[in-house]
Amino acid sequence: MAKVSMTVNGKAASAEVEGRTLLVSFLREELGLTGSHVGCDTSQCGACVVHVDGKAVKSCTMLALEAEGAEVATIEGQAAEDGTLNTIQAAFQEHHGLQCGFCTPGMVMSAAALLKDNPKPSEQEIRTYLEGNLCRCTGYHNIVKSIMAASGQDVSALAAE
């Protein structure tokens, strides 16, 4: 067992973990932050995406000990303290960018990383960026539309699907 310490959603967090403990397991089991989902355990689905020191990472492929001293942001830290949704979350809600919701935390976190690096992405740039995130419900159209809306772009020309 080893002690790991990091800042998660602006709050100090630490625990004793086995060396093989994945970051997603640490977040879910030690901190009770269950918004990051384990969908595949193979880095294929993107349901576990969180930000580590400002970069989007699939937390099912990172050891908790690798995040020692890092700033970690999860879906639970995206809304305001009073529960008000952030711009991306609100756009997903408004434009029906989710159905069952399983992939949504990873999609929102990936969208936040994309918009940080590319504030006005094209539809194709969004689709390319999301290639590492799987959704089995929506067909991606409304997810793409939600991200474009969150970036402040006019989405009225996108055909409904």
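Residues numbered from 1 in each chain as written. Predicted model: local features only at pLDDT ≥ 70, side-chain atom pairs only at ≥ 80, totals over all residues. Heavy atoms only, no water.

**Digging into the packing of helix H3 (residues 104-117) against helix H5 (residues 141-150)**
Using the following cut-off: Between N-to-C directions, angles cover 0 to 180 degrees, with each direction set by a line fitted to C-alpha atoms, over the stretch in contact for helices. To qualify as a helix, a DSSP run of H or I must reach at least 4 residues; to qualify as a strand, a run of E must reach at least 2; elements of each kind are numbered from the N terminus. Oblique is the label for any angle not covered by the other classes, which are roughly parallel (under 35 degrees), roughly antiparallel (over 145) and roughly perpendicular (65 to 115). By definition, any crossing whose near helix is turned counterclockwise from its far helix by less than a right angle is left-handed, and any crossing with a clockwise turn is right-handed. Note on contacts: a residue pair is in contact if any heavy atoms of the two residues lie within 4.5 Å. For this classification, the nonpolar set comprises Ala, Val, Leu, Ile, Met, Phe, Trp, Tyr, Cys and Pro, the charged set comprises Asp, Glu, Lys and Arg, and every other residue, Gly included, is treated as polar.
Contact pair H3 / H5: the axes reach a minimum separation of 11 Å and the direction vectors enclose 40°. In terms of their interaxial angle, H3 and H5 are classed as oblique. When the axes of H3 and H5 are compared, the crossing they make is right-handed. Facing Met-107, Ala-111, Leu-114 and Leu-115 of H3, the residues of H5 in contact are Ile-143, Ile-147 and Ala-150. Along the lines of polarity and charge, the residues of the contact of H3 with H5 split into 7 nonpolar, no polar and no charged.

**Quick word on unusual backbone geometry**
What counts here: Only protein chains enter the area calculation, which uses a 1.4 Å probe; residues under 20% of their type maximum are buried, those over 50% are exposed, and those in between are partly exposed.
In this model, Ser-43 sits at a positive phi of 70°, which is unusual for a non-glycine residue. The residue Ser-43 is located in the loop between helix H1 (23-30) and strand S3 (49-52) in this model. Here Ser-43 falls in the partly exposed class, since its relative accessible area comes to 24%. Non-glycine residue His-96 carries a positive phi angle of around 55°. Among the structural elements, His-96 can be located in the loop between helix H2 (87-94) and H3.

**Side note on the nonpolar core**
The line we're drawing: We call a set of buried residues a nonpolar core when its members are Ala, Val, Leu, Ile, Met, Phe, Trp, Tyr or Cys and they connect through side-chain atoms within 4.5 Å of each other. Domain start and stop positions are those given by an automatic or database domain assignment.
Membership of the largest hydrophobic core comes to 24 residues, with the highest contact counts inside it found for Ile-88, Phe-92, Met-107, Ile-126, Ile-143 and Ile-147. Counting only elements with at least two residues in this core, the list comes to H2, H3 and H5. Among the elements that line this core, the one with the most residues is H3, at 7 residues. When residues of this core are assigned to domains, at least three fall in each of domain 1 (2-77) and domain 2 (87-150).

**Considerations on the domain arrangement of the protein**
What counts is decided by this rule: The quantity reported as buried area is the accessible area (1.4 Å probe) lost by two parts once they are put together, taken as the sum for both. Take a side-chain nitrogen of Lys or Arg and a carboxyl oxygen of Asp or Glu: if they are within 4 Å of each other, that pair is a salt bridge. In the analysis that follows, any N or O atom pair within 3.5 Å is treated as a polar contact, provided that within protein one partner can donate a hydrogen and the other can accept it, and provided that, for residues neighboring in sequence, both atoms belong to side chains.
Domain boundaries assigned for the protein yield domain 1 (2-77) and domain 2 (87-150). Between domain 1 and domain 2, the contact holds 17 residues from the first and 15 residues from the second. A buried area of about 1200 Å², summed over both sides, lies between domain 1 and domain 2, and 62% of it is on carbon and sulfur atoms. At the surface where domain 1 touches domain 2, the tally comes to 0 salt bridges. Our enumeration of links across domain 1 and domain 2 arrives at 7 residue pairs in polar contact (both at pLDDT 80 or more). Counting only elements with at least two residues in the side of domain 1 that touches domain 2, the list comes to S3 and strand S4 (55-58). Residues that form the side of domain 1 that touches domain 2 fall into these classes: 8 nonpolar, 8 polar and 1 charged.

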